[in-house]
Amino acid sequence: MNDANEISHHTMLYGFIGESAGQSSFSATLNKLFKANNKNAMMIPMNIREDDFYYTLVNMKKSHVNGALLAREYTKSIIEILDDASDRVKLSGVCDIVVRDGQKLFGDVIFASVLADVLKKRGAKKIALLGVNGYAKAFCLAAEGFEISYFYDDLEALMQFVVQMQRENADINRIASGMQVNLASYDAVIDFSDFESLDMVCSLSAVNLDINGKKEPSVLRTRAGELGVSYKGFDDVLEETAQEVFEFLKMQKHLEHDKSDMKF
């Protein structure tokens, strides 16, 4: 991004795609990082409805947009559009970042790594993981060095989950409506569940995370508020997410040129 925040024909353009992407400060946060590192790149929020998502991504292959971060609502529907994907995407079934290589799209998943990094910075070791969806799988793949206990209401699905993730001697726990579940002994709680309520949780951790945006409903946010403990969602870890996206783009060799190479 140049000093005047202008876009030239050499600027590497990226999108933040979501139904309400324009309401998030993520693009501005990443653009500050581009500027601080002298990179001629810019991310633009793109409010895309579900009906237009497929068309937008397919046409990205022939556009000047070099990739995109995807809001949570599109992390599954992107899979069928990808030309190639990381092993993490193939194992988890979710993808939240894509880059364009010629007319092909390559997908990866980074939000789980963001949460793992946030927890490591806070010295968390003992984690309560709620849910068995794709992001729970992605977190397991990114969560080296943690002691994870697994929680879900369907024990058969939970057993299948830990077997698929090759977690031997896993600590599995049923959590369901009508129970009294105390999670205070954990350093952090991460919620990737599909629960409609967490009323069964009588005590949460000091650190409680999910990846929901501030405009999305979050049962963890609601329960944390009721219990008077901290909560962090997507909009609370924008700087960590921006750093993860920046490093990912560097790794993909998308940020090779800086402002000294600019030609208008």
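Coordinates for the structure precede this section.
These lines cover the structure that appears in this document, whether it is placed above or below. (Residues numbered from 1 in each chain as written. Predicted model: local features only at pLDDT ≥ 70, side-chain atom pairs only at ≥ 80, totals over all residues. Heavy atoms only, no water.)

### With respect to a negative patch on the surface
- On the surface, a cluster of negative charge is contributed by Asp-153, Asp-154, Glu-156, Asp-194 and Glu-196.
- Structurally, Glu-156 can be placed in helix H6 (residues 155-164). (Patch = residues over 30% accessible without salt bridge, like charges linked within 9 Å, V, L, I, M, F, W, Y side chains within 5 Å. Areas by Shrake-Rupley, 256 points an atom, 1.4 Å probe, with all protein chains shown as cover. Salt bridge = Lys/Arg side-chain N within 4 Å of Asp/Glu carboxyl O. Lys, Arg positive; Asp, Glu negative; His and termini not counted. Charge placed at Lys NZ, Arg CZ, Asp CG, Glu CD. Helix = DSSP H or I, 4+ residues; strand = E, 2+ residues; numbered from the N terminus.)

### Describing the packing of helix H4 (residues 111-121) against helix H5 (residues 134-142)
- Taken N-terminus to C-terminus, the directions of H4 and H5 make an angle of 50 degrees; their axes are 8 Å apart at the nearest point. Overall, the two elements H4 and H5 adopt an arrangement that is oblique. In the crossing of H4 with H5, the sense of the turn from one axis to the other is right-handed. Each of Phe-111, Ala-112, Ser-113, Leu-115, Ala-116, Leu-119 and Lys-120 in H4 lies in contact with H5, whose residues at this interface are Tyr-135, Ala-138, Phe-139 and Ala-142.
- Residues of the contact of H4 with H5, tallied by class, amount to nine nonpolar, one polar and one charged. (Axes fitted to C-alpha atoms, helices over the stretch in contact; angles between N-to-C directions. Parallel < 35°, antiparallel > 145°, perpendicular 65-115°, else oblique. Left-handed = near helix turned anticlockwise from the far one by under 90°. Contact = heavy atoms within 4.5 Å. Nonpolar A, V, L, I, M, F, W, Y, C, P; charged D, E, K, R; others polar.)

### Comments concerning the packing of aromatic side chains
- Here the structure, examined in full by the defined rule, presents 13 aromatic pairs.
- Ring centres of Phe-16 and Phe-26 lie 5.6 Å apart, and the angle between their planes is 65 degrees; this geometry places the pair in the edge-to-face category. Taken together, the positions of Phe-16 in strand S1 (residues 12-18) and Phe-26 in helix H1 (residues 26-36) put the pair ten residues apart, joining distant regions of the chain. The pair formed by Phe-16 and Phe-26 is uniform in burial state, with each residue classed as buried.
- Counting every residue linked through ring pairs, the aromatic cluster contains Phe-16, Phe-26, Phe-111, Tyr-135, Phe-192 and Phe-234.
- For Lys-126, the ring lying beneath its charged end belongs to Tyr-186, and the centroid distance is 5.1 Å. (Phe/Tyr/Trp six-rings, centres within 6.5 Å; stacked < 30°, edge-to-face > 60°. Buried < 20%, exposed > 50% of the residue type's maximum accessible area, 1.4 Å probe, protein only. Lys NZ or Arg CZ within 6 Å of the ring centre and 35° of its normal.)

### Observations regarding the sheet that holds strand S11 (residues 188-191)
- A sheet is described by the order of its strands in space; here five strands give the open sequence S9-S8-S7-S11-S13, paired in parallel fashion. Since the sheet does not close on itself, it has two edges, and those belong to strand S9 (171-174) and strand S13 (208-209), each with one partner.
- Bridge count between strand S7 (residues 126-130) and strand S8 (residues 147-152): five bridges; the pairing is parallel. What sits directly across from Leu-129, in S8, is Tyr-150. (Pairing = 2+ DSSP bridges.)

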